[in-house]
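Coordinate analysis (summary)
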Amino acid sequence: MRKDIYDMMAFLAVAREKSFTRAAAKLGTSQSALSHTMRALEARLGVRLLTRTTRSVSPTEAGERLISTVGPRFEEIEAEIEALGELRERPAGTIRITTAEHAADTIIWPVLETFLPKYPDINVEVTIDYGLVDIVAERYDIGIRLGEHLAKDMIAVRIGPEMRMAVVGTPSYFASRKRPKTPQDLTGHNCINLRLPTYGGLYPWEFEKNGREVKVRVEGQIVLNTMNQIRRAALAGMGLAWLPEDVVLDDIREGRLIRVLDSWCDAFPGYHLYYPNRRQGSPALTLLVDALRYRG
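Presented here is an overview of the structure given in this document.

**Focus: the packing of aromatic side chains**
For the structure on display, the rule yields four aromatic pairs. Their ring planes at 45° and their centres at 4.9 Å tell us that Phe115 and Tyr119 sit as a pair that is tilted. The class of Phe115 is buried, set by a relative accessible area of 4%. Of the residues examined, Tyr119 reaches a relative accessible area of 23% and is grouped as partly exposed. Ring centres 6.1 Å apart and planes at 15° place the aromatic pair Trp205 and Trp242 in the stacked group. Of this pair, Trp205 sits in strand S9 (residues 205–209) while Trp242 sits in strand S12 (residues 241–244), and the two are 37 residues apart along the sequence. Judged on exposure class, the residue Trp205 and its partner Trp242 are both buried. Through pairs of rings, three or more aromatic residues link up here, namely Tyr203, Trp205 and Trp242. Over the face of the ring belonging to Tyr140 we find Arg96, whose NZ or CZ atom lies 4.3 Å from the ring centre.

**Some points on the environment of Ile95**
Note on placement: Ile95 falls in strand S3 (residues 93–99). Ile95 gets classed as buried once you look at its relative accessible area, which sits at 0%. Spatially, the C-alpha atoms of Ile95 and Val126 are 8.5 Å apart, while their sequence positions differ by 31 residues. If we ignore the near neighbours within four places in the chain, the residues touching Ile95 are Ile122, Asn123, Val124, Glu125, Asp141, Ile142, Ala284, Leu285 and Leu288.

**Some words on the pairing of S9**
With five bridges connecting them, S9 and strand S10 (residues 212–216) associate as antiparallel partners. Across the sheet, residue Glu206 finds its bridge partner in S10, namely Lys215. Hairpin connection, S9 to S10: the antiparallel pair is bridged by two residues, and Asn210 has positive phi, about 55°.

**Here's the deal with the pattern of salt bridges**
Tallied over the full model, the rule gives 16 salt bridges. The partner of Arg256 in a salt bridge is Glu254, and the shortest N-O contact between them spans 2.4 Å. For Arg256, a relative accessible area of 35% gives the class partly exposed. Notably, a salt bridge pairs Asp290 with Arg295, separated by 2.9 Å at the nearest N-O pair. The exposure class of Asp290 is partly exposed, given its relative accessible area of 38%. Several salt bridges converge on common partners, so that one network encompasses Arg164, Glu245, Arg259 and Asp262.

**Some points on unusual backbone geometry**
Excluding glycine, a negative phi dihedral is what most residues carry, and trans is how most peptide bonds are arranged. With a phi angle near 55°, Lys18 is a residue other than glycine that sits in the positive phi range. Checked against the element boundaries, Lys18 lands in the loop between helix H1 (2–17) and helix H2 (20–27). For Lys18, a relative accessible area of 46% corresponds to the partly exposed category. Phi at Asn210 is positive, roughly 55°, even though this residue is not glycine. Position of Asn210 relative to the elements: it lies in the loop between S9 and S10.

**Structural notes on the sheet that holds strand S5 (residues 142–146)**
Sheet architecture is open: five strands sit in the order S4-S3-S5-S14-S6, paired in mixed fashion. The open sheet terminates on both sides in strands that have one partner only, identified here as strand S4 (122–128) and strand S6 (155–158). Averaged over all neighbouring strand pairs, the angle between strand axes comes to 25°, with direction disregarded. As defined by bridge partners, S3 adjoins S5 across two bridges and the pair is classed as parallel. Looking at the pairing, Ile97 lines up with Ile142 of S5. Against the sheet, helix H5 (residues 101–118) engages S3, S4, S5 and strand S14 (271–275), with an angle of about 170° to S4.

Conventions we followed
Residues numbered from 1 in each chain as written. Predicted model: local features only at pLDDT ≥ 70, side-chain atom pairs only at ≥ 80, totals over all residues. Heavy atoms only, no water. Phe/Tyr/Trp six-rings, centres within 6.5 Å; stacked < 30°, edge-to-face > 60°. Buried < 20%, exposed > 50% of the residue type's maximum accessible area, 1.4 Å probe, protein only. Helix = DSSP H or I, 4+ residues; strand = E, 2+ residues; numbered from the N terminus. Lys NZ or Arg CZ within 6 Å of the ring centre and 35° of its normal. Contact = heavy atoms within 4.5 Å. Pairing = 2+ DSSP bridges. Salt bridge = Lys/Arg side-chain N within 4 Å of Asp/Glu carboxyl O. Axes fitted to C-alpha atoms, helices over the stretch in contact; angles between N-to-C directions.

As structure tokens, this is what we get:
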């Protein structure tokens, strides 16, 4: 029984890391010993669990089934063991967060600057990712997204105020072009597009006015995938940008950018964090969630 448990933990580590090398390092064993363990487990079960190539490792159909049925049980055990840290004098553990760049810059970093010095035994790993990743499958403790993009069946906590978007361009850009009066007018402009991996294509610009929602597929010479790059392109006069208001407020005040379509940019739910129910017992997670909670 003990060997079965160890072998199952080894299999889950390989499946999650998609690499014998990384999984062996995580488990504190050698790659050859881990490979031997996997072959022995597959022999006992009589099915192939992993597909191996020279460049990658991925679960077979039988392996995926084992991950979906057994994996959550092991995660619950790991969570409960980590929750025992509550009995220690100081909370400890590692918290993995997936978030978009804007939320990291405006919410996470300001909190971590004061939070981490208070709790030296808590480690935080932040991954910038614009895709709507499955935080359970990817083994993140917290996901941070806009309120309208929250994952289902998760505990959600508001961590930021309502947000507004802004459409902006440089004075030089508008020197030879008419300013758009409606979202539909954007089709005649050179717009800086945003590509998000989850959508697989260009993200439409979203507007709302008096309860009327409008989405516009804009076109332009350049496509980028981070807000900082889009702001930089806008400041260079490369086209119109659609960005969170707070990212460009200083540029608007100081005349570097001109705002248009302001009345079409209504407020919408801001950032929320979310996490699985079974992670609720971790003292370190509870402390960080409370520190991030929006109190405005």
